[in-house]
Structures are given as C-alpha cells and as structure tokens.
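Reading the structure
This is what each chain is made of:
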Amino acid sequence: MSATVTLSEQQHALGASVPPFTAHAISVSLPTWDDNVGYEEGDKRVVNAMVSGYPRFFIHLSIQKLARICEQKFGMGKERCILCPTRRIAEQCRAFMIDRSTKAGSPVPVRLVQFLICPESQPDCGGSGIELHIVFFPEDSFPLAKQFWQHTGLCISSRLAERCLSMLPEESSESKSPVLRAPSKAQNRHYARNNYSGSPPASPVQSSSRDAPLQNIGEVLDSDRTTYLEERYGRNLPLESAAAAKKAMRRRIAGVLVRDAPNDWSVAGGHDAELGPSTRGVEEVTEDDVYLYSTGMSAIWSAHQLALGARPPAKSICFGFPYTDTLKILEKWGPGCHFLGRARFSQYRRLPVLALFTEFPSNPLLRCADLSRLRSLADKYNFLIVIDETIGNFVNVEVLPYADVVVSSLSKIFSGDANAMGGSLVLNPKGRHYGALKTYLEQTYEDSYFDEDAIYMERNSRDFKQRIATIDANTLAVCSCAIKDVLYPTWVTREHYDRCRVRGADGKPAGGFGGLFSLVFTSTAASRAFFDTLPCLKGPSLGTNFTLASPYTILAHYAELDWAAQYGVEEGLVRVSVGLEDTDVLLRKFEKALLAAEAVTES
C-alpha cells in the first residue's frame, strides 16, 4: 500500500512531468489553485520545482542545456540565444524581434549563427549532421525572443535538442568550433508593450526558466536506448522511415485511408496502402492537401502567413474568444486584426478583410460559430475562412466544407499520449482561393517537423478514432451528472455544432461532442475547492488519454483577468479534458469535487 501511495504522490507532485516519468512530456503538474497562481507570479517555490512544462511556455531542460553550450561557444558578451531548426525560421525570428522593438522605439541587435553538428565518429558529417540555426541577442531582450518562441511554436523540439546533445562531445561547452556566421543585422532593444485598439493587454512575460534544475536530464533514458525500446516494443517505425510516418499521418488526416485500424499501421505510409475518396466532407481532398508542422500553433501561424502571402493585405478577423496565442499572432504579424470576441460580425461586414479565424468549438467557452452563415459572408466579401478544429476534431465534426483552410493541434487528441508535439494544415480543394493558396504553399512550405517527433506522433495516432469514441462517451456522462453551469457543445450553441457533426451511413449524427468542457462556479472560492479536491492530474494542455484539469483563466489570462471577464471567461473557470478512465471511476471523482464546491457555497 505504501508503495502505491508513494507512486501517486510522485505522479501528482508539484513540478513533475505530465504524463509522469516521461522525458518529453508536454505538460507539468500544478496540483493546486495556489500552485497555478504561483506559476503565473514567478514564485520560486513553483518555478524551481518544475522539470517540465508546455513546450511553448517552458523551454525543455535539454533545450536549455544546448542553448547554454551555444552561448558559451559562440556568444559575445552577455548575449542569450534561442535555437531554430532552419535558417528561414531563424530569419523570421530576427525579423520579428527587429520589427517589434523598432515599433517600441529602438531596434535591438540580432545576429544569426549556423552550427553544423556532426557525430564524433564522422567529423565530416557525410550527410548525418544536424544544422542548427542560432539567434543571438542582448540578454535583456530574451522576453521579446520568448514571444516568438511562444506565439509561433516554430523553434526546436526537445527531441531535436537531445539528438544534438548526443552528437556533441562532453567537453563541447569549453571548446570553440568554427562556424558559418551570417551578417549581423541591426539594432533593437527590449520590446515595450503596446496594445492595439480593442485588443487585450499585452502577453504576460513568463520567466526564462534559466535557473531550472538541469540535473534532472540525467534521470531519463539516453536517446539511443529509448529509440531501441520504442522500435522494438512500442511499435514505432524505425527512424529511417520518418518520411513514411509523415505520409501515413497526412493520409490519416486527409481521410483517404480505406483501412486505418491500429493493426494497419505498417502499410499506412507505404505504396501498398489502399486509398479512397476523402471522408472529410470534401471527397477531392488528398494527402497532398495536408501539410505537417512542428506544433499546432505553428500551423496557425503558417495559415496566417499563407493568407498574407497569397491575398491582398488587410486585417484579419478573430471571430469568438480564442486561445490566447491565436489572437497574438493576428495582432503582431501583418496589418493587425479585428477582434470580435463576442462573435458578432455585422459591424465589420463591409471592411476589407484578409481572413476570418475561428475555433470549432472555441477554447475555453466551447462555443461554435454559424459556419454556414460565415461561409456565405466570406463568399460575398471575398475573404478566407480558417477554422481550428482541434477541440471538435474531424472524427466528430465536418468543418472543411465551410473553410478555405483547416488547422489543428496534433499534440492534443490526435496524439493523446502527451509526449509529442505536432500540427496540421489542410487546404479545401473546392475553395475559391485554392489555386492561389496551393501555389503559395508549394513555393514556400518547408518541412521543419523533426523526424523523431513525427515517428512518435504517427505511433500515437493509430488508434485515435477509437480513443475519441470512448472519451466522447466519458465526457458526456460526466457533464450529464448533475453538473450545473457546464460549458459543453451539447448545451452551448448546439444548433451550430449539430449542423457540422459527422453523420453515419444512415444520415444520422454519428460524431460525439468531444472531450473538453469548462465549469463556472458561483464564486472563486467554490472553483478553488472543486479544483483542489478533484483527484486527477492537473496542468496545461488538453486532449490527453488521461483526465487533465486546469484553472484555465488563471493560466492563460492572469495579467488580464478583467479583460477576459468581459467576454465571459471568468476568473474561476475550470477547464477539464476527460480521458479514457473507467466511467464509474470518473463519476465518483467528479462527485467528490462537486461536493467540496457545494460545501464552500453553502458555508
């Protein structure tokens, strides 16, 4: 019994990885309300305990270690750096930093360094090296660089960092190696916060995690041993089959695999796979209309860049209250955006619009737009529609017929295991602007999705349809169990959701309502009691195979609580992503937490 208790305590300990004991976990345990507040306020009790975190907010310890080596080898003075997988991404980072700091009053100097890392056994690389692109800037400009890291999701992954570290000699941090240096570009200083009219306050700046406990890196399996175990026992494709893994995912997302059961994994990305018309609501979709990215946010950022590059310049529309970084992308790149947080379109109907971005359903309010009406307006006023289907997911909803572009975070339910990041972008071949969008992507797309991350993502996604069915049923059961003030598509904008639900062969709705819901209580004290009592893993992210809860507004909008409340995102909102656990077990857990909230309300 004591061993079991100890294991449970380790799994739920403040700062531990979520999932537990996972080297590349994409969440972190923040088990109490106060822990989440402490994280936002930079409390050392919380920050120093963290060995993991959501990768766009918390820089993985392996990436921190590699960055320090690069700073020691190539840095000048008190420079900091962030690491990019391609030269183009490094150039985009530099352009962002110079643009934002120039608008703030003074450009910061940013320079790029190209570092070719070769295995010790092959000093001339011979095609087996890794090209790392390093963005250097003054130390006090790190918060600005971190904005690029957070908003775009384009920088290196923890697996790429570990692969680089495995190729460097132990003494590499002390030696200087030759490097190709790009010309330095000028001068730019710390970003000053500016708000657009009608926009939220500027993004809060998270701590750099520079002082995180790097000694924990040694506690995980070394990269080669992990690779062997996953290929031998985890049914991962071998690393040299990364191209096949990516093709399998593109076919899976395109809905063209005739047979895509978990046992069909070995042929899904090969020549022998049986392909048919797409099941995505537009039969003409093929794998060539699907583009993979390193994160969901990089897919959204790329969709915006696609619109800016393929269409005449104009502001975009952010329709409905979105996940925070989507709005930041639309504001900070290009001409800006019209923020319609309450999803009312009429006041902007006659203004030039580049693209309308909306989530289906939205995070965290679970609201759905009337996509049929928006499609009509887009056709009439000639703008693009970009739909983020992450929460609805294409097993449950069919949104592609209404969109020019559909984006999704594969890191969520498509993966489920919360140990790999990824994103996708799908073009609608029946869309009016398909030709222009396709041409632009063919000219500009680069695959920066690290092969090892793709291998894990493909493995995780093989059974996602079956997992979604179970999670849908679990979530509906929990939400139906005497929970008041629940935000879930069954009860929120149901008519818009139903119109897009996937239908079976009989024409009746077959898609479920998803695995995410939010709760609003009568007081913040009741929210605290519910959250602190709920016996499940707690941390950022969603779409996990296990139940995961977070005080969403605290984590996403702590520096702008009053602004978020204007749009119905209350301070005490608790967001829950339901997992694959036994339904009766889940119901007992939620009953316990609800009783705690009721006790606070009645006292």
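In what follows, the structure referred to is the one given above.
In what follows, the accompanying structure is described. Just so it is clear, the model here is predicted, and its values are computed rather than measured.

Another point: the overall build of the protein chain. Per the secondary structure count, the protein chain includes 20 helices and 18 strands. In the protein chain, buried positions account for 59% of the 603 residues. Expressed as a percentage of contacts within the protein chain between residues at least 6 apart in sequence, the contacts between residues at least 24 apart total 75%. When the accessible surface of the protein chain is summed, it comes to about 24100 Å², and 51% of that surface belongs to carbon and sulfur atoms.

Turning next to the nonpolar core. With 102 residues, the main nonpolar core has L66, I82, L83, M97, L132, I134 and V135 as its most contacted residues. Setting aside chain neighbours within four positions, we find L66 in contact with L83, L132, I156, A161, C164, L165 and L168. Among the nonpolar cores identified, the runner-up in size contains 70 residues, and V37, V399, A549 and A597 belong to it.

This next bit is on the side chain of S415. Within the secondary structure, S415 is located in the loop between β12 (405–409) and β13 (423–427). Assessed through its relative accessible area of 1%, S415 is described here as buried. A polar contact of 3.0 Å, which involves the side chain of S415, links it to the side chain of N460. The contact partners of S415, leaving out residues within four places of it in the chain, are L410, A420, M457, N460, R467 and N545.

Look at helix α2 (residues 33–40) against helix α17 (residues 524–533): their axes get within 9 Å of each other, and the N-to-C directions meet at 105 degrees. Taken together, α2 and α17 sit at an angle that is classed as roughly perpendicular. Each of W33, D34 and N36 in α2 lies in contact with α17, whose residues at this interface are T524, S527, R528, F531 and D532. The residue inventory of the contact of α2 with α17, partitioned by class, reads two nonpolar, three polar and three charged.

Spatially, the five strands line up as an open sheet ordered β14-β15-β18-β17-β16, and their pairing is mixed. Two strands lie at the open edges of the sheet, namely β14 (486–487) and β16 (537–538), each paired on one side alone.

Turning our eyes to something else, we now look at helix α6 (residues 142–152). Most of α6 sits out of view: 10 of its 11 residues are buried. Elements in contact with the buried residues of α6: α4 (61–74), β3 (79–84), α5 (87–104), β5 (130–138), α10 (296–310) and α11 (324–332). Backbone geometry just downstream of α6 places G153 in the positive-phi region, at approximately 65 degrees.

Quick look at the packing of α17 against helix α20 (residues 583–602) now. At a minimum axis distance of 8 Å, the contact between α17 and α20 shows a crossing angle of 150 degrees. In this view, α17 runs roughly antiparallel relative to α20, as classed from their interaxial angle. Note on packing geometry: the crossing formed by α17 with α20 is right-handed. Contact residues: A525, A526, A529, F530 and T533 in α17; F590, K592, A593, L594, A596, A597, V600 and T601 in α20.

Moving on: the packing of aromatic side chains. By the definition in use, this model includes 25 aromatic pairs. With 5.8 Å between their ring centres and 35 degrees between their planes, F339 and W563 make a pair best called tilted. Here F339 is found in strand β9 (residues 337–340), whereas its partner W563 is found in helix α19 (residues 561–565), with 224 residues between them in sequence. Judged by its relative accessible area of 9%, W563 falls in the buried class. Look at F521 and F530: their rings are 5.0 Å apart centre to centre, the planes differ by 40 degrees, and that puts the pair in the tilted class. Here F521 and F530 have matching classes, each one buried. Taken together, the ring pairs connect F360, Y488, W491, Y497 and F513 into an aromatic cluster. Between R111 and the ring centre of F136, over which it is positioned, the NZ or CZ distance is 4.7 Å. The ring centre of Y456 lies 3.9 Å from the NZ or CZ of R159, which sits over that ring.

About the thresholds
All residue numbers refer to position in the chain's written sequence, counted from 1. Selection of residues for local features in this predicted model requires a pLDDT of at least 70, selection of side-chain atom pairs for listing and counting requires 80 or more, and totals for whole chains, interfaces and linings are taken over all residues. The basis for the side-chain values is all heavy atoms of the structure; hydrogens and waters are excluded. For the purposes of this entry, the term helix denotes a DSSP run of H or I that reaches at least four residues, the term strand denotes a run of E that reaches at least two, and both are numbered from the N terminus. Only protein chains enter the accessibility calculation, which uses a 1.4 Å probe; a residue is then buried when its area is under 20% of its type maximum, exposed when over 50%, and partly exposed in between. Here a residue-residue contact requires only that any non-hydrogen atoms of the pair lie within 4.5 Å. Calculation of accessible area relied on Shrake-Rupley with a 1.4 Å probe; when residues are assessed, cover is drawn exclusively from the protein chains displayed. Residues belong to one nonpolar core when they are buried, are Ala, Val, Leu, Ile, Met, Phe, Trp, Tyr or Cys, and are joined through side-chain atoms within 4.5 Å. In the analysis that follows, any N or O atom pair within 3.5 Å is treated as a polar contact, provided that within protein one partner can donate a hydrogen and the other can accept it, and provided that, for residues neighboring in sequence, both atoms belong to side chains. To obtain each axis, a line is fitted to C-alpha atoms, and for helices this fit is confined to the stretch in contact; angles are then taken between N-to-C directions over 0 to 180 degrees. Under this scheme an angle from 65 to 115 degrees is roughly perpendicular, one under 35 degrees roughly parallel, and one over 145 degrees roughly antiparallel; angles in between are oblique. Residues are grouped as follows: Ala, Val, Leu, Ile, Met, Phe, Trp, Tyr, Cys and Pro are nonpolar; Asp, Glu, Lys and Arg are charged; all remaining types, including Gly, are polar. DSSP-based pairing: two strands are paired if at least 2 bridges between them are found. In this scheme the crossing of two helices becomes right-handed for a clockwise turn of the near helix relative to the far one and left-handed for an anticlockwise turn of less than a right angle. Under the pairing criterion, centres of Phe, Tyr and Trp rings, with the six-membered ring standing for Trp, must be within 6.5 Å; the plane angle then separates stacked pairs below 30 degrees from edge-to-face pairs above 60, leaving the rest tilted. Whether a charge sits over a ring depends on NZ of Lys or CZ of Arg being within 6 Å of the ring centre and within 35 degrees of the ring normal.

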